[in-house]
Amino acid sequence: MSAEKAEGLILRVTDFSETSRIVVLFTREFGKISALAKGGRRLKGPFESALDLLATCQIVFLRKHTSGLDLLTESKLVTRFHPQERDLVCLYAGYYVAELLLGLTEDYDPHLELYAAAQEALASFATTETTRLGILRFELVVLREIGQLPDFESCVACGTRLTEGRTFGFWVSQGGLICPDCQKEEYTQLSIHAGTAAVLRVISGEDDDEWRQLNLTPQQYKEAKHVTTTALSHILGKRPKMLKYLS
Ligand SMILES: [Zn+2]
């Protein structure tokens, strides 16, 4: 076993015994890890009660080379997740970030961009106004980082570009937009307008600030959410649990 240092976001904490806990973290350096925190249920100990859901910690852990849990030996709190008081939507938005990272990332598969996006998202959930766009941004960065971002420019079947004034459908199993000519009748789906595709391109883009300036119309928001939640549900094989608390 070798000792490793990392910064990580706590995605899940489970009691393991009377004194120990199992902690799943999404770390900047190593991606997702699962570690046993011996003494993690004691208030005083090596973890200084830093093992709270969605807290960011500096950790030291012993990495197992065979299968089994890593061993967490130190954890120091960097920041706690601070949603607006009494605003459950902000809190659930945080749980949703954890749910997506748990379901869509692999152990020991680091994603620097995704780590940064998760931190950014949690910071944006401080108030209700910023939460909706913050969630959408995070969903799209997740799709981008796991290589499942739909093409928002053209029809996935024939390549026709989605231009101003037209609407395309979203073909989830092919991960892309589909023009009216290529749509078959059995696909009953929400139409995606050219304006929505344009905002989806910006929100999913590499630029960290451009998306913050956007002001989506209710229709664009509805269409964009349809794309992200349908795509994520398709990849996960089920609808994310937290979605029902966020609508
Ligand atoms: Zn087409």
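Residues numbered from 1 in each chain as written. Predicted model: local features only at pLDDT ≥ 70, side-chain atom pairs only at ≥ 80, totals over all residues. Heavy atoms only, no water.

Engineer: Describe the pairing of strand S7 (residues 167–171), and please don't skip the residues or the numbers.
Structural biologist: Among the five residues that make up S7, four are buried, leaving the element largely enclosed by the rest of the structure. Where S7 meets strand S9 (residues 192–193), two bridges bridge the pair, whose relative direction is antiparallel. Paired with Phe 168 across the bridge in S9 is Ile 192. Hairpin connection of S7 to strand S8 (residues 176–178): four residues between the antiparallel strands, including Gly 175 at a positive phi of 60°. (Buried < 20%, exposed > 50% of the residue type's maximum accessible area, 1.4 Å probe, protein only. Helix = DSSP H or I, 4+ residues; strand = E, 2+ residues; numbered from the N terminus. Pairing = 2+ DSSP bridges.)

Engineer: Let's hear about the domain arrangement of the protein: which residues, and what values?
Structural biologist: According to the domain assignment, the protein consists of domain 1 (2–79) and domain 2 (88–149 + 192–246). Each of domain 1 and domain 2 was reduced to a C-alpha centroid, and the two centroids are 26 Å apart. Counting the surface lost from both domain 1 and domain 2, the interface buries some 1,700 Å², and carbon and sulfur atoms represent 67% of this. It is Phe 26, Lys 32 and Leu 54 in domain 1 that bury the most area against domain 2; as a group they hold 41% of the surface buried on that side. Summed over the shared surface of domain 1 and domain 2, the result is zero salt bridges. Listing elements by their share of the side of domain 1 that touches domain 2, those giving two or more residues are strand S1 (2–15), strand S2 (21–27), strand S3 (31–37) and strand S4 (56–63). Each residue belonging to the side of domain 1 that touches domain 2 can be placed in one class, and the counts come to nine nonpolar, four polar and seven charged. (Domains from an automatic or database assignment. Buried area = accessible area lost by both parts, 1.4 Å probe. Salt bridge = Lys/Arg side-chain N within 4 Å of Asp/Glu carboxyl O. Nonpolar A, V, L, I, M, F, W, Y, C, P; charged D, E, K, R; others polar.)

Engineer: Pulling in residues and values, what's your account of the sheet that holds S9?
Structural biologist: The strand order across the open sheet built from four strands is S6-S8-S7-S9, with neighbouring strands paired in mixed fashion. Of all the strands in the sheet, the pair left with one neighbour each is strand S6 (151–155) and S9.

Engineer: Tell me about the packing of aromatic side chains, and name the residues and values.
Structural biologist: Counted by the stated rule, this structure contains five aromatic pairs. Arranged with centres 6.2 Å apart and planes meeting at 75°, the rings of Phe 30 and Tyr 108 form a pair that is edge-to-face. Here Phe 30, found in the loop between S2 and S3, pairs with Tyr 108, found in the loop between helix H1 (88–104) and helix H2 (112–124); they are 78 residues apart in sequence, far enough to count as distant. The class of Tyr 108 is partly exposed, set by a relative accessible area of 28%. Taking the centre distance of 4.8 Å and the plane angle of 35° together, the rings of Tyr 92 and Tyr 245 count as tilted. Taken together, the positions of Tyr 92 in helix H1 and Tyr 245 in helix H6 (residues 243–246) put the pair 153 residues apart, joining distant regions of the chain. Among the aromatic residues, those joined into a ring-pair cluster are Phe 30, Phe 61 and Tyr 108. For the cation-ring pair, Arg 63 lies above Tyr 108, with the distance from its terminal atom to the ring centre recorded as 3.7 Å. Positioned above the aromatic ring of Tyr 221 is the side chain of Arg 132, whose terminal nitrogen or guanidinium carbon lies 3.9 Å from the ring centre. (Phe/Tyr/Trp six-rings, centres within 6.5 Å; stacked < 30°, edge-to-face > 60°. Lys NZ or Arg CZ within 6 Å of the ring centre and 35° of its normal.)

Engineer: I'd like a description of the packing of H1 against helix H3 (residues 128–145), backed by residues and values.
Structural biologist: Packing of H1 against H3 brings their axes to within 10 Å, and their N-to-C directions diverge by 5°. With respect to H3, the element H1 is oriented roughly parallel. Every residue of H3 that contacts H1 at Val 89, Cys 90, Ala 93, Tyr 96, Val 97, Leu 100, Leu 101 and Leu 104 is listed here: Thr 128, Thr 131, Ile 135, Phe 138, Glu 139 and Val 142. Broken down by class, the residue content of the contact of H1 with H3 amounts to 11 nonpolar, two polar and one charged. (Axes fitted to C-alpha atoms, helices over the stretch in contact; angles between N-to-C directions. Parallel < 35°, antiparallel > 145°, perpendicular 65-115°, else oblique. Contact = heavy atoms within 4.5 Å.)

Engineer: Pulling in residues and values, what's your account of the coordination of the zinc ion?
Structural biologist: The protein atoms that coordinate the zinc ion are Cys 155 (SG), Cys 158 (SG), Cys 179 (SG) and Cys 182 (SG), at distances spanning 2.3 to 2.4 Å. Mapped onto the sequence, the residues coordinating the zinc ion show the spacing C-x2-C-x20-C-x2-C. In this pair, Cys 158 sits in the loop between S6 and S7 while Cys 182 sits in the loop between S8 and S9, placing the two residues 24 residues apart along the sequence. (Donors = N, O, S within 2.8 Å, 3.2 Å for Na, K, Ca; no water.)

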